[in-house]
Amino acid sequence: MAVKCRELFFATVLFLGFVLPGFANGKINPADCSFNGNLLYGKIQLVNSFPDVKVEVVTAFPDLKVQLVNAFPDKCGQWQVVTSFPDTKVQIVESFGDVKINFVEAFPGLD
């Protein structure tokens, strides 16, 4: 009985110490339009592995509205897709993304 309680205690400590802080840090910073220090505007490279940010494309209630541009992606939510020298690497996932985005033609930014 004492061994099971000790195992449960250590499992709880590990969960609270390592898993929950990841959720606390997982918010968009509206001051600089970033997620965990990674810009959510600028030159974006779409990758299949080792992303800076995982995004989930949704049709309603996005965290960020994204406008694809060909040049000067200097406002929050403006993305210029590049193949090299990105500001941020993004992986598009089906579920459990860090940030939910919606592609728009105008008025990008935080919702």
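Just above sits the structure.
Please read these numbers as outputs of a predicted model, since none were measured by experiment. (Residues numbered from 1 in each chain as written. Predicted model: local features only at pLDDT ≥ 70, side-chain atom pairs only at ≥ 80, totals over all residues. Heavy atoms only, no water.)

**With respect to the pairing of strand S5 (residues 53-57)**
Where S5 lies against strand S8 (residues 88-93), four bridges are found, and the strand directions are parallel. Residue pairing for S8: Val53 is matched across the bridge by Val90. Strand direction decides the pairing type here: S5 and strand S9 (residues 99-103), joined by three bridges, are parallel. Residue pairing for S9: Val55 is matched across the bridge by Val99. (Pairing = 2+ DSSP bridges. Helix = DSSP H or I, 4+ residues; strand = E, 2+ residues; numbered from the N terminus.)

**Re the side chain of Gln67**
In this structure, Gln67 sits in strand S6 (residues 64-68). Its relative accessible area of 17% is what places Gln67 among the buried residues. One polar contact links the side chain of Gln67 to the main-chain carbonyl oxygen of Glu105, over a distance of 3.0 Å. If we skip the residues at most four places from it in the chain, Gln67 touches Gly77, Gln78, Trp79, Val104, Glu105, Ala106 and Pro108. (Buried < 20%, exposed > 50% of the residue type's maximum accessible area, 1.4 Å probe, protein only. Polar contact = N/O pair within 3.5 Å; in protein donor to acceptor, adjacent residues only side chain to side chain. Contact = heavy atoms within 4.5 Å.)

**Structural notes on the packing of aromatic side chains**
All chains considered together, the criterion is met by one aromatic pair. Arranged with centres 6.5 Å apart and planes meeting at 90°, the rings of Trp79 and Phe103 form a pair that is edge-to-face. Within this pair, whereas Trp79 is found in strand S7 (residues 78-81), its partner Phe103 is found in strand S9, the two being separated by 24 residues in sequence. Judged by its relative accessible area of 36%, Phe103 falls in the partly exposed class. (Phe/Tyr/Trp six-rings, centres within 6.5 Å; stacked < 30°, edge-to-face > 60°.)

**Thoughts on the pairing of S9**
As defined by bridge partners, S6 adjoins S9 across three bridges and the pair is classed as parallel. From the neighbouring strand, Val66 faces S9, where its bridge partner is Phe103.

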